[in-house]
Amino acid sequence: MAVVARDLLEEADASLLDVIDHVLNKGVVVRGELVLAVAGVDLVYLRLDALFCAADRVAPESA
Amino acid sequence: MKLYLYAFTDRPTAGAHGLWGEPLLGVPVGRFFAACGPTADAPAVTATALRGHDAAIRSLAGSCQSVLPVRFGQLVEGERALREAVQPLASEIEGALARVAGCEQMTVRLFGEEASSAPAASGTEHLLRLRERTARRAAALAPLRQTVAHLCVDERVEAGTGRLLLTVSHLVRRGRSRDYRAALEAAVPPAGITVSGPWAPYAFGPEVGL
């Protein structure tokens, strides 16, 4: 049976920590303006092992 | 108007939307496309924005065979600046797009005992610790590789710190993520391992620039 790509990628079991590690720590980097800030502090680079203590600093969705 | 980058794709974007609900543009660069959305500023790092970035990239998989995610926060001044920034990387991006065609990523984290944080008393002790850590990583990685080798197209391995020994990213064909999980659950003890995915292939792009 043919597999629909959209269905496949929508099934991810993605905790916020996983999302943070993939979205902030991976992916192609091109030259451009990179402005990341958490709680008013500029942030350029994050790693999963640092995020065990830093994840609570990601602004809540209502912020 | 600035452009916020989401991904590089093999086809123009169709029906995908970005963080702010904006329809994504597919700016042609050489033989591929840069999926981006017009915006005034880069998004702040919030849980909503991070999930939105990921969701936009996932939505591109519906219309594209190859999707290469761009890291969160990449902003360029416009189409001209975008082409100037991307053109020098074109051959690497084309190669990476070919590599991830029809694939998705599974991410495995392997945990072990926490490495000692106390300073080594001597150079010899430092080297012995390094050797032990390397051996632990190799011992953790071997059974994982053996278990899922028949499903993997490509692999990236990143050393961890503390209890995290390794982060292993495997590229698998779309539709095989369930088989991947099932293989791991059947063969590898659950303690000390976490599996997540499928993801867009975040770990399989060239890391250049900045």
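Model, not experiment: these values are computed from the prediction.

1. As for the overall build of chain B
What chain B contains, in helices and strands, is 5 helices and 9 strands. Listing every helix and strand of chain B by position from the N terminus yields β-β-β-α-β-β-α-α-β-α-β-β-α-β. Considered along the principal axes of its C-alpha atoms, chain B spans approximately 55 × 40 × 35 Å. With 210 residues in all, chain B has 50% of them scored as buried. For chain B, long-range pairs separated by at least 24 residues make up 73% of all intrachain contacts whose partners lie at least 6 apart in sequence. Accessible surface computed for chain B: about 9200 Å², of which carbon and sulfur atoms make up 55%. Charge separation in chain B, taken as the distance between the mean sites of 23 positive and 20 negative side-chain charges, equals 4 Å.

2. Remarks on the sheet that holds strand S9 (residues 193-199) of chain B
Residue and element names in this part refer to chain B. Strand order in the open sheet made by the 4 strands is S7-S8-S6-S9, with antiparallel pairing throughout. The open sheet has two free edges, formed respectively by strand S7 (152-159) and S9, since each of these has just one partner strand. Mean inter-strand twist for the sheet, computed between neighbouring axes without regard to direction, equals 15°. Note that strand S6 (residues 103-111) and S9 share 5 bridges and pair antiparallel. For threonine 107, the partnering residue across the bridge sits in S9 and is serine 196.

3. Some remarks on the nonpolar core
One broad trend across soluble globular proteins is that nonpolar side chains are buried collectively. Residues and elements named next belong to chain B. Counting residues in each nonpolar core, the largest one holds 25 residues, and the members touching the most others are Phe8, Phe32, Leu68, Leu82, Val86 and Ile93. Counting residues per element, this core draws most heavily on helix H3 (residues 90-99), which supplies 4 residues. In this structure, isoleucine 93 is in contact with Phe8, Phe32, Leu68, Val86 and Pro206, ignoring residues within four places of it in sequence. If you look at the next biggest cluster of nonpolar residues, it comprises 23 residues, including Leu24, Ala49, Leu60 and Phe72.

4. A word on the pattern of salt bridges
For the coordinates displayed, the defined rule picks out 15 salt bridges over all chains. We note a salt bridge from aspartate 21 of chain A to lysine 26 of chain A, for which the minimum N-O separation is 3.9 Å. Judged by its relative accessible area of 2%, aspartate 21 of chain A falls in the buried class. Residue classification places lysine 26 of chain A among the buried positions, given a relative accessible area of 9%. Measuring nitrogen to oxygen at the nearest pair gives 2.6 Å for the salt bridge that ties arginine 145 of chain B to glutamate 155 of chain B. With arginine 145 of chain B in helix H4 (residues 123-148) and glutamate 155 of chain B in strand S7, this pair connects stretches of sequence that are 10 residues apart. Given a relative accessible area of 22%, glutamate 155 of chain B falls into the partly exposed group. The network of salt bridges with shared partners includes Asp18, Asp21 and Lys26 of chain A together with Arg109 and Glu158 of chain B.

5. A few points about the confidence of the model for chain B
Scored by pLDDT, chain B comes out at a mean of 88, with 96% of its residues at no less than 70. No element of chain B has a lower mean pLDDT than H4 of chain B, which averages 87, and none a higher one than strand S4 (residues 67-69) of chain B, which averages 95.

6. Quick look at the packing of H4 of chain B against helix H5 (residues 177-187) of chain B
All names here are of chain B. Interaxial distance between H4 and H5 falls to 9 Å at its minimum, and their mutual angle equals 130°. Compared by their axis directions, H4 and H5 come out oblique. Here the hand of the crossing between H4 and H5 comes out right-handed. Contact with H4, carried on its side by Leu144, Thr147 and Val148, involves Tyr180, Ala183, Leu184 and Ala187 of H5 and no other residues of that element. Here the residues of the contact of H4 with H5 are counted per class, giving 6 nonpolar, 1 polar and no charged.

Reading the values: rules and limits
Residues numbered from 1 in each chain as written. Chains lettered and ligands numbered in written order. Predicted model: local features only at pLDDT ≥ 70, side-chain atom pairs only at ≥ 80, totals over all residues. Heavy atoms only, no water. Helix = DSSP H or I, 4+ residues; strand = E, 2+ residues; numbered from the N terminus. Buried < 20%, exposed > 50% of the residue type's maximum accessible area, 1.4 Å probe, protein only. Contact = heavy atoms within 4.5 Å. Areas by Shrake-Rupley, 256 points an atom, 1.4 Å probe, with all protein chains shown as cover. Lys, Arg positive; Asp, Glu negative; His and termini not counted. Charge placed at Lys NZ, Arg CZ, Asp CG, Glu CD. Pairing = 2+ DSSP bridges. Axes fitted to C-alpha atoms, helices over the stretch in contact; angles between N-to-C directions. Core = buried A, V, L, I, M, F, W, Y, C linked by side-chain atoms within 4.5 Å. Salt bridge = Lys/Arg side-chain N within 4 Å of Asp/Glu carboxyl O. pLDDT = per-residue confidence, 0-100. Parallel < 35°, antiparallel > 145°, perpendicular 65-115°, else oblique. Left-handed = near helix turned anticlockwise from the far one by under 90°. Nonpolar A, V, L, I, M, F, W, Y, C, P; charged D, E, K, R; others polar.

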